[in-house]
Amino acid sequence: MANVDSGQLPTSLEEVEALIRQLYSPGRSDQVVKTQETLQKLQRSPEGWQLASSLMNNRDQQIRFFAALTFIVKLNTDAKSLGEEDAQALLQTLIGWLIRCMEISEGALVVRKLCSTLVAYFMQFSTSWERCLKHLMYSLCNNEARPYSSLDEAPETEILRHSLSDAKAVAVFWVATTLVEEVGKTDSNSMKQHKFHRQVVPNVDDIVPLISKYINNNVTEAAHGTVKQEAMKCFQAWVSYSHRAFIDDEIVLEPLRNLIKPALMCLVDDDLYETTVELFSDVLANYSKFLHKEDFETLQSLFNSPWAQERYERLINGDFDFDSLQFGMFMIAFGDATVQNLTKNLGTDPQCQQYLSALCGLLGAEGHAIHDDKIYVPALEFWNTLVETMVDDIYSEGGKHPAWFPTAQALVMQAIERCWRKSQFPPANEFSSWDSVDRIGFKDARRDFSDLLQQFFLTTGIPLLQVFIDLIQKSAASRNWAELEASIYCLGGFSDTSSEDPLRDEYLDKVFTPSLLDLFTGPHKEVPRPTMQSFLDLIIGYSEYFKHRTQALPKVLTFVFQATSSPNLAKKASKAITRLCSDCRKILLPELGAFLQQYRNIASNYSLDGSVKESIMEGIASIIQALEKEEQRVAPLEQLLNFIEADVEQSLLLLSSIVPSQERDQSDPSQMDGGRGAMALELGVTAFKCLAGIAKGIQIPDDGPVDLEKRESRSSTFWTEGEGSRIQQRIYSMMCRMYDALGNRGEIVEEVCDIWRQGFREMEPGPFVMPPNMAAHNKWGDGLGGVLAALLAWVASLLHTLGEPGNDPELTQTGIEFVFRLLPKYSHVLLNHQPSSSLEFVFMFTLKALAGSDPLPKQAAAEFWATFIGLPNQPEPLQASVNNAIQHLGPLLAQALIYNIGGHAARSELDKLCEPVKKLVVRQVNARTWLEAALLDPSFPSDIVSDKDKQLFLQKIMNLRGARGTNQVVREFWLTCRGTNFAYVS
Amino acid sequence: MAATGQSFYELYRRSSIGMALTDTLDDLISERRIEPQLAMKILANFDRSITEVLADKVKARLTFKGHLDTYRFCDEVWTFLIKDVTFKMENSSQTVQADKVKIVSCNSKRPGDPQ
């Protein structure tokens, strides 16, 4: 046998056969790969045709399969080597082989592959084998591969179809199905080039009579189940293909439509049900124009038949087997395709009413949504579509609701009632026994229902809230927690849509009643967790209500503070506190002391999550923000900082008490001294989270009124120089101390940056609005320029240490991005960077990144150079430095860019790389010389473009003068350099 | 149905995931591990899958407010240019600001499909 390890090719047919057997036998994966490579070499070789012919009569089925595969490979890669006669001879060979397969009752594996081979042949020689299906039928009927030129002598298809045996008909169906599937997959460009539709379309007249033979009700009884199924699958493929033909060239395959009625009748045939129902569901969903008006009528009467009734009953009684579910999807597809008619004829056509009622019934099938009931979500989607249709037509009739609206609204209300039931959580132990996919799916289904409610609100307005208010009152009275939860959840969904309705607060008065609040704040704690959570969400959603209805505020606040003690509710409760404090900050001012006291009670609870404390701090800080004078804010802020400082001290104390150990990793506190380090870290993170919380809360709300008359006054220096500076210093000191101790931890760095960000985004002075040099940790020099210069020196030293960009692409990218961000405003910082050798290194480093292979550094470098070349004129002597740098580095930049455009870059990088090219062309007189030199440089990566192509490319981009067309020219040149193998995508 | 007749928009090929896929296919072709014909089929599958997944599986949502600057409807494609946009993500109190946002939206059904 040939030694595949050494890359040696087999020298005899026996050796090839042995290799094929080895390929299809179990074995080591590396051996299989090598065998496959050897066989592929053979298949692609000029002798591949002969090899396939020699193998097709082998006794071994696997080898015959490989022979068919080899023909396919050759057809796809080497069809051009065949002359016209060779091609006709090959066709004769393939059809002759198929006939022999029929004679020896060959297995499906080989016959299917052979059918695919015939289709591969068609894809290459479609113009010389146009009536391929009739020719195939003609040859099969004659038991002989007839020349295509003799097709004129063939009898009519009508006669041929009767002469074909079932087995031969199956082979024709396989070819016909694969034919349209393959043509359907052809991309638009090839389709236009080869005009495949024109070649395929005539075949419809040949395949339709054959399909008809097997799906027509009069003969189906007699035919074998398999051939009927293949006929239906073939019809399905052709219908699917006809959609593509319609989209591409508006071709309607009319003969196929003659099969719609007989195909519909096949729904009741158990052998054909699955294929047929799938076919019509897809046609209704994607290509309903294929169906005539009468077909819709037939479908409608089919849904009224006892057959449909029986299937419907099975489905809603909880039979969610595949076939049963398919029926539900079929019903929904019909509903989707006719939704406009169904709604608009509601008042006049009882059948529409009946059908929509049935679709409403699908929302009430047995079992819990998702976990048991698989039809609920698709049915809900239909109702969402219906409501969207209603919204589109709200004012379609002269500013009034159309006449059918009330009937449709009543039906939607029925659907809502069913969805409300489906949205109720099952008992906790049952819900927790579901797998996570079902649990997530159930919650998603609730949100989909909430979407429907919000859409429907647009057609009803605020009175829709009353439905859920009634349900809340009823379920609260009966202590039905699941119903109460679902009702509260539904009402919560309207918080955004109803926010501007003047009557909203009146409706909500009926919800936030003392009795309902007592239910949640009562001592018995009988309300289950999901209901409590939904009630907290309701408070968060409608927090603004309490600004206008202050009487309910104390009880609500008591409830939310109580809820912080429950680990499962603490996060939502703290969020509710933030929202209530923020929205009602002025009203709550007198209670500031009480809030601080509340926090004192909470602060000592170390089991509380850091983000919970952060949210509560944020809430209290927003009340402090409402104090009129800056001086008044100092004392309460000091109190908040005292809480945080206690955490900081505790953290530092823990860290200082840790016994140093040689063995443990000193950079990871969690590893230190039996968990003390971890606790210190957690306290540090919590402290920083709380500082960030205060920073967010103390910000001036951006939705306040703007006084246009107010004269610009000097910014207050209270927080930087006055009494408030004490607060800034305390905050800063805490940040520094904690950072010095734990600054090597990512969590700490992240939190400290968050605190700074809050201050940076403020427009007015405040305790967190610190001067830039403080942000730069006082280590980076004076003033912004000094800070940036020092930072640049640090970044440059990091890049120096790195050496090559590829050693750490992430650091390279961020380093280059930092330098890039300096450019627009602080180019002097970059150009004055010392020593000059370091500046040169930075420039060269970006060029290396540009010519490298890492995408993100390359992108950053391209942005840097585009911005650098495009810098507006700078004052002297800065401009001289810029010019000097560009003159020195321009040729290298051009070389790096051309190296990429010449095929080195990935396709997705081209647009980014075009930017510096465009800037060079527009702004640099030497651009042409530099680019030309780069194109002719030996480092140019492609050897398949000529110098003429390169000159033409250069000419084009120079002529475009940086216009957008440059991107397309660059893309085309890249493609030329890479070769035609890469032209598979437009 | 295999949905061979239904074609899908190619617009997601320009998304970051689509471009990453195309780059990977380019690499595989360069290494002669696949043929361009297979790459074409993979991209056609991608067009279909991403359309379906975005429609069916993505449940995250956001809301945004801004000033509608320009809108147009041409060749079944809506284009909206919105200025000073504030995005609010689900389950997050943080907002994201953008000076300008362009929204290009196509009919989820290709021409010839029911509207």
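Residues numbered from 1 in each chain as written. Chains lettered and ligands numbered in written order. Predicted model: local features only at pLDDT ≥ 70, side-chain atom pairs only at ≥ 80, totals over all residues. Heavy atoms only, no water.

Going by the annotation in an unreviewed UniProt entry, the name recorded for chain B is Transcription initiation factor IIA subunit 2, with Hyaloscypha bicolor E given as the source organism. Under the UniProt heading Sequence similarities (unreviewed entry), the note attached to chain B is "Belongs to the TFIIA subunit 2 family." Per UniProt, chain B carries the Subcellular location (unreviewed entry) text "Nucleus". (UniProt positions renumbered as here; feature names shortened; annotations may be inferred.)

Going by an unreviewed UniProt entry, chain A carries the name ARM repeat-containing protein and comes from Hyaloscypha bicolor E.

A. Geometry of the overall build of chain A. If you tally the helices and strands in chain A, you get 50 helices and zero strands. Computed over C-alpha atoms, the radius of gyration of chain A comes to 38 Å, more than 25% over the 30 Å expected from 2.2 N^0.38 for 986 residues, which places it beyond the range of a compact globule. By its C-alpha atoms, chain A is 105 × 80 × 65 Å across when sized along the principal axes. Counting the 986 residues in chain A, one finds 52% classified as buried. Surface exposure of chain A reaches about 44600 Å², of which carbon and sulfur atoms provide 50%. Computed over 91 positive and 125 negative side-chain charges, the inter-centroid distance for chain A is 3 Å. (Helix = DSSP H or I, 4+ residues; strand = E, 2+ residues; numbered from the N terminus. Rg over C-alpha atoms; globule rule 2.2 N^0.38 Å. Buried < 20%, exposed > 50% of the residue type's maximum accessible area, 1.4 Å probe, protein only. Areas by Shrake-Rupley, 256 points an atom, 1.4 Å probe, with all protein chains shown as cover. Lys, Arg positive; Asp, Glu negative; His and termini not counted. Charge placed at Lys NZ, Arg CZ, Asp CG, Glu CD.)

B. Representation of a positive patch on the surface in the model. On the surface, Lys575 and Arg579 of chain A together with Lys65 and Lys88 of chain B cluster together into a patch of positive charge. Take Arg579 of chain A: it is sitting in helix H34 (residues 570-583). By relative accessible area, Arg579 of chain A is classed as partly exposed at 33%. (Patch = residues over 30% accessible without salt bridge, like charges linked within 9 Å, V, L, I, M, F, W, Y side chains within 5 Å. Salt bridge = Lys/Arg side-chain N within 4 Å of Asp/Glu carboxyl O.)

C. How the structure looks around the pairing of strand E1 (residues 62-74) of chain B. Where E1 of chain B lies against strand E2 (residues 77-89) of chain B, eleven bridges are found, and the strand directions are antiparallel. Along E2 of chain B, the bridge assignment pairs Tyr71 of chain B with Phe80 of chain B. (Pairing = 2+ DSSP bridges.)

D. Region of interest: helix H49 (residues 947-960) of chain A. All names here are of chain A. Over its 14 residues, H49 extends 20 Å from the first C-alpha to the last, a length consistent with the 20 Å expected when each residue adds 1.5 Å. Looking only at H49, the buried set comprises Lys950, Phe953, Leu954, Ile957 and Met958. Along H49, the residues classed as buried sweep out an arc of 125° about the axis, all on the same side. Across H49 from its buried face, at more than 90 degrees, point the exposed residues Lys948 and Asn959. Where the residues of H49 are buried, they touch helix H46 (878-904), helix H47 (910-923), helix H48 (927-936) and helix H50 (965-978). Residue Arg961 follows H49 closely and has a positive phi angle near 50°. (Expected span 1.5 Å × (residues − 1). Arc of directions from axis to C-beta. Contact = heavy atoms within 4.5 Å.)

E. Up close: the interface of chain A and chain B. In this assembly, 42 residues from chain A lie in contact with 34 residues from chain B. Buried surface at the junction of chain A and chain B, summed over both partners, amounts to about 3400 Å²; 46% is from carbon and sulfur atoms. Viewed at the interface, chain B and chain A are joined by four salt bridges. Of the charged contacts, one joins Asp26 of chain B and Arg907 of chain A as a salt bridge, the two residues approaching to 2.8 Å between their closest N and O atoms. Remark: the boundary between chain A and chain B carries eight residue pairs in polar contact (both at pLDDT 80 or more). Elements with a minimum of two residues in the side of chain A that touches chain B: helix H9 (166-185), helix H14 (225-249), helix H17 (273-286), helix H26 (436-460) and H50 of chain A. Looking at the side of chain A that touches chain B element by element, the count peaks at eight residues for H14 of chain A. By residue class, the composition of the side of chain A that touches chain B is 14 nonpolar, ten polar and 18 charged. (Buried area = accessible area lost by both parts, 1.4 Å probe. Polar contact = N/O pair within 3.5 Å; in protein donor to acceptor, adjacent residues only side chain to side chain. Nonpolar A, V, L, I, M, F, W, Y, C, P; charged D, E, K, R; others polar.)

F. Looking closely at the domain arrangement of chain A. Under the domain assignment used here, chain A contains domain 1 (10-129), domain 2 (163-290), domain 3 (292-426), domain 4 (461-568) and domain 5 (785-982). Computed over C-alpha atoms only, the centres of domain 1 of chain A and domain 5 of chain A are separated by 50 Å. (Domains from an automatic or database assignment.)

G. Representation of the domain arrangement of chain B within the structure. Looking at the assigned domains, one finds that chain B contains domain 1 (11-57) and domain 2 (62-106). For domain 1 of chain B and domain 2 of chain B, the distance between their C-alpha centres works out to 27 Å.

H. Main features of the packing of helix H39 (residues 725-742) of chain A against helix H40 (residues 746-760) of chain A. All names here are of chain A. Packing of H39 against H40 leaves a shortest axis separation of 10 Å and a crossing angle of 160°. On the basis of the axis angle, H39 is roughly antiparallel to H40. The chirality of how H39 crosses H40 is left-handed. Contacts between H39 and H40 involve Tyr732, Met735, Tyr739 and Leu742 on the former and, on the latter, Ile748, Val749, Val752, Ile755 and Trp756. Its residues assigned to classes, the contact of H39 with H40 shows nine nonpolar, no polar and no charged. (Axes fitted to C-alpha atoms, helices over the stretch in contact; angles between N-to-C directions. Parallel < 35°, antiparallel > 145°, perpendicular 65-115°, else oblique. Left-handed = near helix turned anticlockwise from the far one by under 90°.)

I. Seen up close, the confidence of the model for chain B. Residue and element names in this part refer to chain B. Chain-level pLDDT for chain B is 83 on average; 85% of the residues reach the 70-or-more range. A low-confidence stretch, residues 1-5 stays under pLDDT 50, and its non-local contacts, those more than four residues away or across chains, total 19 contacts. Predicted complex metrics record ipTM = 0.85 and pTM = 0.77. (pLDDT = per-residue confidence, 0-100.)

J. Examining the packing of aromatic side chains more closely. All names here are of chain A. Evaluated as defined, the whole model comprises 51 aromatic pairs over all chains. Relative to Tyr355, the ring of Phe334 lies with its centre 5.2 Å away and its plane at 75°, an arrangement referred to as edge-to-face. Within this pair, whereas Phe334 is found in helix H20 (residues 322-337), its partner Tyr355 is found in helix H22 (residues 350-361), the two being separated by 21 residues in sequence. Tyr355 gets classed as buried once you look at its relative accessible area, which sits at 6%. Aromatic ring contacts, followed pair by pair, group Tyr273, Phe296, Phe303, Trp307, Phe327, Phe330, Phe334 and Tyr355 into a single cluster. The ring of Tyr984 carries Arg907 above its face, with NZ or CZ at 5.2 Å from the centroid. One residue, Arg978, lies across the ring of Phe982, its end atom 5.0 Å from the ring centre. (Phe/Tyr/Trp six-rings, centres within 6.5 Å; stacked < 30°, edge-to-face > 60°. Lys NZ or Arg CZ within 6 Å of the ring centre and 35° of its normal.)

K. The arrangement of a nonpolar patch on the surface in detail. On the surface, Leu62, Phe64, Met89 and Val96 of chain B cluster together into a nonpolar patch covering about 310 Å² of accessible area. Mapped onto the fold, Val96 of chain B is located in strand E3 (residues 95-106).

L. Highlighting the pairing of E2 of chain B. Residue and element names in this part refer to chain B. Joining the antiparallel neighbours E1 and E2 is a turn of two residues, in which Asp75 adopts a positive phi near 50°. Bridge count between E2 and E3: eleven bridges; the pairing is antiparallel. Bridge assignment links Val85 to a residue of E3, and that residue is Ala98.

M. Seen up close, the confidence of the model for chain A. Of all residues in chain A, 94% attain a pLDDT of 70 or more, and the chain-wide mean is 90. Across chain A, element-level confidence peaks in helix H28 (residues 481-492) of chain A with a mean pLDDT of 97 and bottoms out in helix H13 (residues 217-220) of chain A with 56.

N. Just the packing of helix H38 (residues 676-697) of chain A against H39 of chain A, in detail. Residues and elements named next belong to chain A. The geometry of H38 relative to H39 is characterised by a closest axis approach of 11 Å and an angle of 150° between their N-to-C directions. Relative to H39, the element H38 lies roughly antiparallel. Regarding H38 and H39, the two cross each other, and that crossing is left-handed. Contacts between H38 and H39 involve Ala680, Leu681, Gly684, Phe688 and Leu691 on the former and, on the latter, Ile731, Met734, Met735, Met738, Tyr739 and Leu742. In terms of residue class, the contact of H38 with H39 is made up of ten nonpolar, one polar and no charged.

O. Molecular detail of the pattern of salt bridges. Scanning all chains against the criterion turns up 48 salt bridges over all chains. Between Glu417 of chain A and Arg421 of chain A there is a salt bridge, and its shortest N-O distance comes to 3.1 Å. Residue Glu417 of chain A and its partner Arg421 of chain A are both found in helix H24 (residues 405-422); the two are separated by four residues, about one turn of the helix. Glu417 of chain A sits in the partly exposed class, given a relative accessible area of 36%. Judged by relative accessible area, Arg421 of chain A falls into the partly exposed class, the value being 45%. A salt bridge links Arg13 of chain B to Asp47 of chain B; the shortest N-O distance between them is 2.6 Å. Placement of the pair is Arg13 of chain B in the segment before helix H1 (16-30) and Asp47 of chain B in helix H2 (residues 36-56), with a sequence separation of 34 residues. Accessibility assignment for this pair places Arg13 of chain B and Asp47 of chain B in one class, buried. Salt bridges linked by common partners bring Glu310, Arg311, Arg314, Asp319 and Asp323 of chain A together as one network.

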